[in-house]
Amino acid sequence: MSKTDLIYVIDDEKDICDLVCNELEYYGFDMRAFHTGAQALQAIKRQAPKLCIVDLGLPDMDGLALVKELCDSANIGVLILSGRGSLPDRVLGLELGADDYITKPFEPRELVARVHSLLRRINKDETPAPSCAVKKARFADWLYNPSTLCLKRDSGEELTLSTAEADLLGTLLRAPQQILSRDRLLGEQAIPYDRSIDSRMSRLRKKLEADPKDPRIIKTVYGAGYMLSTPVEWITPEG
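Presented here is an overview of the structure given in this document. The shown structure was predicted, so the numbers you read here are calculated from the model rather than taken from an experiment.

About the criteria used
Residues numbered from 1 in each chain as written. Predicted model: local features only at pLDDT ≥ 70, side-chain atom pairs only at ≥ 80, totals over all residues. Heavy atoms only, no water. Phe/Tyr/Trp six-rings, centres within 6.5 Å; stacked < 30°, edge-to-face > 60°. Helix = DSSP H or I, 4+ residues; strand = E, 2+ residues; numbered from the N terminus. Buried < 20%, exposed > 50% of the residue type's maximum accessible area, 1.4 Å probe, protein only. Axes fitted to C-alpha atoms, helices over the stretch in contact; angles between N-to-C directions. Parallel < 35°, antiparallel > 145°, perpendicular 65-115°, else oblique. Left-handed = near helix turned anticlockwise from the far one by under 90°. Contact = heavy atoms within 4.5 Å. Nonpolar A, V, L, I, M, F, W, Y, C, P; charged D, E, K, R; others polar. Lys, Arg positive; Asp, Glu negative; His and termini not counted. Salt bridge = Lys/Arg side-chain N within 4 Å of Asp/Glu carboxyl O. Polar contact = N/O pair within 3.5 Å; in protein donor to acceptor, adjacent residues only side chain to side chain. Pairing = 2+ DSSP bridges. Disulfide = S-S within 2.5 Å. Core = buried A, V, L, I, M, F, W, Y, C linked by side-chain atoms within 4.5 Å.

**Considerations on the packing of aromatic side chains**
- Under the criterion given, the structure shown has 2 aromatic pairs.
- Residues Tyr8 and Phe34 carry aromatic rings whose centres are separated by 4.8 Å and whose planes lie at 70° to one another, so their mutual orientation is edge-to-face. Of this pair, Tyr8 sits in strand E1 (residues 6-10) while Phe34 sits in strand E2 (residues 30-34), and the two are 26 residues apart along the sequence.
- Tyr8 sits in the buried class, given a relative accessible area of 3%.
- Both rings, one in Tyr26 and one in Tyr27, keep their centres 5.2 Å apart while their planes meet at 80°; by these two values the pair is edge-to-face.

**A short note on the packing of helix H2 (residues 37-46) against helix H3 (residues 63-73)**
- It is at 11 Å that the axes of H2 and H3 come closest, and there the two elements cross at 10°. Accordingly, the angle class assigned to the pair H2 and H3 is roughly parallel. For the element pair H2 and H3, the recorded crossing hand is right-handed. When H2 is examined against H3, the residues Gly37, Leu41 and Ile44 are found in contact with a partner set consisting of Leu66, Glu69 and Leu70.
- Taken together, the residues that form the contact of H2 with H3 break down as 4 nonpolar, 1 polar and 1 charged.

**Observations concerning the side chain of Glu209**
- Residue position: Glu209 is located in the loop between helix H8 (196-208) and strand E11 (218-221).
- As a buried residue without a salt bridge, Glu209 has its nearest oppositely charged side chain in Arg205, at a separation of 4.8 Å.
- A distance of 2.8 Å separates a polar side-chain atom of Glu209 from the backbone nitrogen of Arg216.

**A short note on the sheet that holds E1**
- The 5 strands are arranged E2-E1-E3-E4-E5 in an open sheet whose pairing can be described as parallel. Looking at strand neighbours, the two that pair on one side only are E2 and strand E5 (100-103), the edges of this open sheet. When the angles between neighbouring strand axes are averaged without regard to direction, this sheet yields 20°.
- In the sheet, strand E4 (residues 77-82) pairs with E5 via 4 bridges, with the strands oriented parallel. Looking across to E5, one finds that Ser82 is bridged to Thr103.
- Strand contacts of helix H1 (residues 14-26): E1, E2, strand E3 (51-54) and E4, with the helix running at about 175° to E2, the strand carrying the most contacts.
- The strands touched by H3 are E1, E3 and E4; relative to E3, the strand with the most contacts, the crossing angle is about 170°.

**Focus on the state of the cysteines**
- A complete count under the given rule lists 0 disulfides for this structure.
- Distance from the sulfur of Cys21, which forms no disulfide, to the nearest cysteine sulfur (Cys17) is 6.1 Å.

**Focus on the nonpolar core**
- If you look at the biggest cluster of nonpolar residues, it comprises 26 residues, and the most contacted ones within it are Phe139, Tyr144, Leu151, Leu169, Leu208 and Ile218.
- Of all the secondary-structure elements, those providing two or more residues to this core are strand E6 (136-139), strand E7 (142-145), helix H6 (163-173), helix H7 (182-189), H8 and strand E12 (225-228).
- Top contributing element to this core by residue count: H6, with 5 residues.
- The contact partners of Leu208, leaving out residues within four places of it in the chain, are Phe139, Trp142, Leu151, Arg153, Leu169, Ile217 and Ile218.
- The next biggest cluster of nonpolar side chains, apart from the first, holds 22 residues, and it includes Leu64, Leu66, Leu70 and Cys71.

**With respect to the packing of helix H4 (residues 87-95) against H8**
- Between H4 and H8, the shortest axis-to-axis distance is 8 Å and the interhelical angle comes to 35°. Here H4 and H8 pass one another in a crossing that is right-handed. Together, Val91, Leu94 and Glu95 of H4 and Ser196, Ser199 and Arg203 of H8 make up the contact between the two elements.
- Looking at side-chain class alone, the contact of H4 with H8 contains 2 nonpolar, 2 polar and 2 charged residues.

**Examining the environment of Gln178**
- Structurally, the position occupied by Gln178 is in the loop between H6 and strand E10 (179-180).
- C-alpha separation for the pair Gln178 and Met227, spaced 49 residues apart in sequence, amounts to 5.6 Å.
- Setting aside chain neighbours within four positions, we find Gln178 in contact with Tyr226, Met227 and Leu228.

Printed below as a string of structure tokens:
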């Protein structure tokens, strides 16, 4: 983990911003605090952070709308920190693309641990491998580049996965045509809630499948887990 990782805290409560910033600055992170969603979005246009810690109760916009915008338009990690702790809020936040969800009141050391874990995954995904070892995965009608988190369809369509979606796809690609249990996927993805794997799978299917309601690439094996139903060919960038 880089000691210069930039993190934005987006919360209208100054005391919470001060607490989070002070705690994470102690561990070497570069922190910025914003009290509205608009302020944060303007700052992101100038300099994108590695991670945004987002409160859902913002004064100028719904925090879930901000989470969706961040996950749809930028390759930024998102951790929700909110007093809205109901299961529907948690599940919806993760479905929209957030990587983690912590409810208030919270233990600062747990927040630090979650941030460390999330950024380890993000920085690992961004670490370039030796050119001779960089491979892309071809499956169904897609070509996936793990170094850029970019998917390209044979028709020319291109899209970029979030870090969470890329983690899940990577696990499936490494075990094609094998049933992976939900417990195994939960463990490998370090997902905090049991239903989160289903939310994450749903988002991935919406990007991969022609008809996400009748998936052909990622099958649900009822009572057992999920399976990438297509073979995978690993090729070099020149291939």
